[in-house]
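# Structure at a glance
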Amino acid sequence: MIFTETAHEPRVPQQHTGPAAPAPATRTAPARVSVAVYAEDPILHTGVVQQLRQQPEIELVTDAEADRAQASLVVVDRVDEPTVRLLHRLQRNTSTRTGLVVGLFEAGSLQTMIECGVAAVLRRSEADRDGLVHLVTAMAKGEGVLPGDLLGKLLDHVSRVQRTVLDPRGLTLSTLTTREADMLRLVSEGFDTAEIAQKTSYSERTVKNVLHEVATRLHLRNRAHAVGYALRNGLI
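About the cut-offs
Residues numbered from 1 in each chain as written. Predicted model: local features only at pLDDT ≥ 70, side-chain atom pairs only at ≥ 80, totals over all residues. Heavy atoms only, no water. Salt bridge = Lys/Arg side-chain N within 4 Å of Asp/Glu carboxyl O. Helix = DSSP H or I, 4+ residues; strand = E, 2+ residues; numbered from the N terminus. Buried < 20%, exposed > 50% of the residue type's maximum accessible area, 1.4 Å probe, protein only. Arc of directions from axis to C-beta. Contact = heavy atoms within 4.5 Å. Pairing = 2+ DSSP bridges. Axes fitted to C-alpha atoms, helices over the stretch in contact; angles between N-to-C directions. Right-handed = clockwise from strand over helix to strand, strands pointing away. Parallel < 35°, antiparallel > 145°, perpendicular 65-115°, else oblique. Nonpolar A, V, L, I, M, F, W, Y, C, P; charged D, E, K, R; others polar.

As annotated in an unreviewed UniProt entry, the protein chain carries the name LuxR C-terminal-related transcriptional regulator and is attributed to Streptomyces salyersiae.

What follows is the structure, encoded as structure tokens:
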């Protein structure tokens, strides 16, 4: 169940006491963030709605309009199977970002959160009005929010994946393998195919194939384009 709340400005009678004053400059109202609230029971839902409904920067949307929400708030006691199904469903809507307000963050929930595309997490014990508004507005700006201890766990998780899964296969978290990044770095330094082959101990044919694979996979026109792409994205 999702509520919407629309504020109406009171009408003020006009008084004419003399020559008309110059019209005041028109001020554009700040854009409001549209929010859909999902909760596993009515009490949780009502609590979050009550915290947000009076905030001028928030627009709560109805069930029928939920798909157009910029931010979706999922409020649960813990991340269980029904929650995961809901998060996966919301993930398919690329126009909205999902925040999770959770009571108990259990072991293994971090991986689930990542797989479900959750952009921000807030513990229910910290879900007061200011915390919720910060969560929603941060998501609308494309930012992420995590409690400090969960951020530490996330960094540890990423490091462990790199060390135990990717490194043994010569892969990285970027879109390039270690070999591809090394070869593009040498291209950026002005080395030709023969020189790259000599420095990397690969054949010239392998160097050409690797660079061609990078260009094809990333839809790049040539080596210069590939180097520019890698530099812009911090891959080399």
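Structure's up, so let's keep going.
## Some thoughts on the pattern of salt bridges
Inspection of the entire model under this criterion finds six salt bridges. Residue R217 is joined to E180 by a salt bridge in which the shortest nitrogen-to-oxygen separation is 2.9 Å. One end of the pair, R217, is in helix 8 (residues 204-217); the other, E180, is in helix 6 (residues 178-188), and 37 residues separate them in sequence. The exposure class assigned to E180 is buried, which follows from its relative accessible area of 7%.

## Quick notes on helix 2 (residues 81-91)
Of all the residues in helix 2, the buried ones are T83, V84, L86, L87 and L90. When helix 2 is viewed along its axis, its buried side chains cluster within an angular range of 160° and face the same direction. Tucked into the core, helix 2 has its buried residues touching strand 1 (33-39), strand 3 (71-78), strand 4 (97-104), helix 3 (109-115) and strand 5 (118-123).

## Examining the sheet that holds strand 3
Across the sheet, five strands lie side by side as 2-1-3-4-5; this open sheet has parallel pairing. Whereas interior strands pair on both sides, the edge strands pair on one side only; in this sheet they are strand 2 (58-60) and strand 5. The average angle at which neighbouring strand axes cross in this sheet is 30°, direction not considered. Sheet analysis places strand 3 next to strand 4, joined by seven bridges and oriented parallel.

## Details of the pairing of strand 1
Among the seven residues in strand 1, six count as buried, and that is most of the element. As paired strands, strand 1 and strand 2 are joined by three bridges and run parallel to one another. Counterpart to V35 in the pairing with strand 2 is L60. With respect to chirality, the unit in which strand 1 leads through helix 1 (residues 42-52) into the neighbouring parallel strand 2 is right-handed. The pairing of strand 1 with strand 3 spans five bridges and is classified as parallel. From the neighbouring strand, V35 faces strand 3, where its bridge partner is A71.

## A few points about the packing of helix 1 against helix 4 (residues 129-140)
Packed helix pairs are characterised by how far apart their axes lie and by the angle those axes make with each other. Following both chains from N to C, one finds helix 1 and helix 4 inclined at 80°, their axes separated by 9 Å at the closest point. In terms of orientation, helix 1 lies roughly perpendicular with respect to helix 4. Residues V48, Q51 and L52 of helix 1 touch helix 4, and the partners they reach there are R129, L132 and V133. Classifying every residue of the contact of helix 1 with helix 4 gives four nonpolar, one polar and one charged.

## Re the environment of D130
Here D130 is to be found in helix 4. Residue classification places D130 among the exposed residues on the basis of a relative accessible area of 55%. Between the C-alpha atoms of D130 and L52, which are 78 residues apart in sequence, the distance is 9.2 Å.

## With respect to the environment of L176
As for its placement among the helices and strands, L176 is situated in the loop between helix 5 (148-166) and helix 6. When residues no more than four places from it in sequence are discounted, the contact partners of L176 are A181, L184, V214, R217, L218, A230, L235 and I236.

## Re the pairing of strand 4
After leaving strand 3, the chain enters helix 2 and then returns to the sheet as strand 4, a path that is right-handed. Of the pairings in the sheet, the one linking strand 4 to strand 5 comprises five bridges and is parallel in character. By the bridge assignment, T98 is partnered in strand 5 with V118. Once the chain exits strand 4 it traverses helix 3 before rejoining the sheet at strand 5, and the crossover so formed is right-handed.

## Comments concerning the side chain of T193
Topologically, T193 is positioned in helix 7 (residues 193-200). Among the residues examined, T193 registers a relative accessible area of 13% and is labelled buried. If near-sequence neighbours (up to four positions away) are discounted, T193 is found in contact with E204, V207, K208 and R223.

## Overview of helix 9 (residues 223-232)
Within the sequence span of helix 9, burial applies to H225, A226, V227, G228 and A230. On its buried face, helix 9 sits against helix 6. Two residues or fewer past helix 9, G234 is found with a positive phi of approximately 65°.

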